[in-house]
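Each chain is listed here by its residues.
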Amino acid sequence: METRLVTPFHHLLVNNLVANITNFTIWFALTFYVYLETKSVFATGMIAGVYLVLTAACGIWFGSLVDHHRKKVAMAGSSVASLLLYALALAVLLLAPKGAIADVGRPWLWALIGLSMLGVIAGNIRTIALPTLVTLLIPEDRRDKANGLVGMVTGVGFLTTSVISGFLVAWGGMLAALLFALGFTLAALVHLLAVPVHEPRVEPEHGAPVEPKTIDLAGTIKVVAAVPGLFALILFATFNNFLGGIFMALLDAYGLSMVSVQAWGLLFGFLSVAFIISGLAISKTGLGANPLRTLLLVNLISWAVCCVFPLKSSIVMLAMGCFVWMLLGPYAEAAEQTTLQKVVPFERQGRVFGFAQSVEQAASPLTAFLIGPLTQFIVIPFMTHGAGAAAIGDWFGRGPDRGMALVFTIAGVVGLIVTLLAFGSKAYRQLSATYAQSAPAAAAQ
């Protein structure tokens with residue numbers, strides 16, 4: 001890393017922070033707003049599902065855009081797309097007839113959700129470009145620490161976003177949230193254009209075929225398959241996201257069943273300090289000699305906590321569980337990024353990060369789309385006046401919130417079992433050995 005105090009990498013971190021705050025604010029605000037207007041877990045589940053479907057569908061394409069264009073240009077294009085989509089969402093909100101946005105059966109609500117979430121999705125180009133810029137700008141022996149800073153920026157974004165979105169919705173609804181997003185997206189774009197990033201073009205080796213400027217899925221799969229155990233890492237993250245979709249679909253509804261939207265936003269903001277703590281810790285100590293071992297260890301702890309916090313309907317236990325998840329999440333994310341940055345050639349990293357994003361998110365839409373209706377129409381009745389309430393209701397509790405809690409607990413048990421199996425797998429040993437033996441993917445600039 002450069003020795004001067006503020007480097008282009010630091011400017012890019014701050015710029016991504018502003019973009020993250022903007023996009024997360026729209027996502028959080030839309031979820032809060034729709035739940036408060038409709039009282040429908042189905043609708044909030046669909047918001048998570050829309051996000052995850054689009055993330056899975058667009059990741060490989062976005063990765064190709066990052067590889068085939070300068071990284072700064074790709075990030076700027078992301079901001080332009082978000083700006084236009086948020087403007088269209090604002091137009092829908094202003095033109096909708098009175099009461100139409102609160103009606104799940106009318107198209108106005110779904111148009112608002114679709115356009116807003118497309119604007120959020122456009123920001124995923126940045127999440128793919130930033131780790132490739134870590135490879136470009138940071139020496140290999142310090143990339144795990146730089147990835148910790150990236151995780152810290154994500155945490156600051158969550159902290160700020162949850163507070164901002166709760167108060168924006170309480171004060172001015174989605175109108176205030178979209179006006180906020182338009183202003184800060186424009187500010188991020190203007191700042192990005194002024195950040196100098198030296199990115200030399202990668203010239204193909206003499207006689208090597210010129211890569212087509214297309215998605216090139218087959219070539220990306222070959223790169224992933226060439227690294228022993230890398231597919232297994234991506235599939236493990238995919239399974240985690242399959243279970244994680246449950247939390248994206250139900251966590252806000254579960255929290256809002258206990259406290260007001262303002263209190264939930266403030267609580268989530270306070271808990272997001274955990275992201276900052278872990279990001280700072282990683283930036284100081286790194287991830288150890290084997291980031292994969294770190295990834296599996298934090299998963300063991302996270303899923304164990306997930307088994308416990310829903311056992312009682314308590315905002316304190318929910319807060320403690322969320323804090324542990326947020327504290328350990330950056331370790332898992334940084335471990336995966338550090339591994340990919342070392343074992344994948346730089347000129348292919350955008351596509352591999354995009355491929356990983358698409359595959360890892362592919363399971364979550366199924367969960368998010370299914371879990372909302374499943375919880376609303378089966379599990380909640382089961383734990384309110386059905387067989388579940390009769391069998392375990394005396395100690396577990398009864399009602400809609402206990403139905404959601406039961407889903408969380410089951411997810412934790414399954415996640416714990418799968419992580420233990422991964423620890424003993426051949427793929428874990430292979431990829432650990434490959435990481436230890438690999439030369440750096442790219443020299444720092």
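Quick caveat, the model's predicted, so the values are computed rather than measured.

Quick word on the overall build of the chain
Alright, step 1. Looking only at helices and strands, the chain has 16 helices and zero strands in total.
Alright, step 2. Expressed as a percentage of the 445 residues in the chain, the buried residues total 57%.
Alright, step 3. Once local pairs closer than 6 in sequence are excluded, the contacts in the chain between residues at least 24 apart make up 86%.
Alright, step 4. Accessible area for the chain stands at about 18000 Å²; split by element, carbon and sulfur atoms hold 71% of it.

Here we look at the packing of helix α11 (residues 291-308) against helix α12 (residues 315-343)
Between two packed helices, both the angle of their axes relative to each other and the distance between the axes serve to describe the pair.
Alright, step 1. α12 packs onto α11 with a crossing angle of 160 degrees between their chain directions and a minimal axis gap of 9 Å. Taken together, the axes of α11 and α12 lie roughly antiparallel to each other. Crossing hand, α11 versus α12: left-handed. Taking contact as the criterion, the partners of P291, L292, T294, L295, V298, N299, I301, S302, W303, V305, C306 and V308 in α11 are, on α12, M317, G321, V324, W325, L328, Y331, A332, A335, E336, T338 and T339.
Alright, step 2. In terms of residue class, the contact of α11 with α12 is built from 16 nonpolar, six polar and one charged.

Let's talk about the side chain of N16
Alright, step 1. Relative to the helices and strands, N16 resides in helix α1 (residues 8-38).
Alright, step 2. In this structure N16 comes out as buried when scored by relative accessible area, which is 2%.
Alright, step 3. With near-sequence residues (within four places) excluded, N16 lies in contact with M75, R126, L130 and V153.

Things to note about empty space enclosed by the protein
Leftover empty space is mapped by rolling, across the atoms, a probe with the size of a water molecule.
Alright, step 1. Evaluation of the coordinates by the stated rule reveals four cavities of 30 Å³ or more.
Alright, step 2. When its volume is computed, the second largest cavity comes out at roughly 60 Å³.
Alright, step 3. Considering the residues around the second largest cavity, the lining is formed by A19, T22, N23, S78, S79, S82, R126, T185 and A188.
Alright, step 4. If you list the elements that add at least two residues to the lining of the second largest cavity, you get α1, α3 (71-95) and α6 (143-193).
Alright, step 5. For the lining of the second largest cavity, a count of residues per class yields two nonpolar, six polar and one charged.

A look at the packing of aromatic side chains
Alright, step 1. On inspection of all chains with the given rule, the structure shows nine aromatic pairs.
Alright, step 2. A ring pair is formed by W303 and W325, whose centres lie 5.3 Å apart and whose planes are at 90 degrees; its orientation type is edge-to-face. Of the two residues, W303 is situated in helix α11 and W325 in helix α12; the sequence distance between them amounts to 22 residues.
Alright, step 3. The class of W325 is partly exposed, set by a relative accessible area of 27%.

So, the state of the cysteines
The term disulfide refers to a covalent linkage connecting the sulfur atoms of a pair of cysteines.
Alright, step 1. Counted under the stated rule, the structure contains zero disulfides.
Alright, step 2. With no disulfide partner, C322 has as its closest neighbouring cysteine sulfur the one in C306, 9.7 Å distant.
Alright, step 3. The exposure class of C322 is buried, given its relative accessible area of 7%.

Quick look at the nonpolar core
Alright, step 1. The biggest cluster of nonpolar side chains holds 131 residues, and the ones touching the most others in it are F9, L112, M174 and L178.
Alright, step 2. Looking at which element gives the most residues to this core, the answer is α6, with 16 residues.

Some remarks on the layout of surface pockets
Alright, step 1. In this structure, the second largest pocket encloses a volume near 210 Å³.
Alright, step 2. Together, 13 residues line the second largest pocket, and A232, L233, F236, A422 and S425 are the ones closest to its centre.
Alright, step 3. Among the elements of the structure, α8 (230-256), α11 and α16 (426-437) are those that each provide at least two residues to the lining of the second largest pocket.
Alright, step 4. The element that contributes the greatest number of residues to the lining of the second largest pocket is α8, accounting for four residues.

Criteria and thresholds
Residues numbered from 1 in each chain as written. Predicted model: local features only at pLDDT ≥ 70, side-chain atom pairs only at ≥ 80, totals over all residues. Heavy atoms only, no water. Helix = DSSP H or I, 4+ residues; strand = E, 2+ residues; numbered from the N terminus. Buried < 20%, exposed > 50% of the residue type's maximum accessible area, 1.4 Å probe, protein only. Contact = heavy atoms within 4.5 Å. Areas by Shrake-Rupley, 256 points an atom, 1.4 Å probe, with all protein chains shown as cover. Axes fitted to C-alpha atoms, helices over the stretch in contact; angles between N-to-C directions. Parallel < 35°, antiparallel > 145°, perpendicular 65-115°, else oblique. Left-handed = near helix turned anticlockwise from the far one by under 90°. Nonpolar A, V, L, I, M, F, W, Y, C, P; charged D, E, K, R; others polar. 1 Å grid on protein atoms, 1.4 Å probe; cavity = no way out; pocket = protein on both sides within 12 Å on 5 of 7 lines; lining within 4 Å. Points joined across faces, edges and corners; volume = space filled by probe spheres on them. Phe/Tyr/Trp six-rings, centres within 6.5 Å; stacked < 30°, edge-to-face > 60°. Disulfide = S-S within 2.5 Å. Core = buried A, V, L, I, M, F, W, Y, C linked by side-chain atoms within 4.5 Å.

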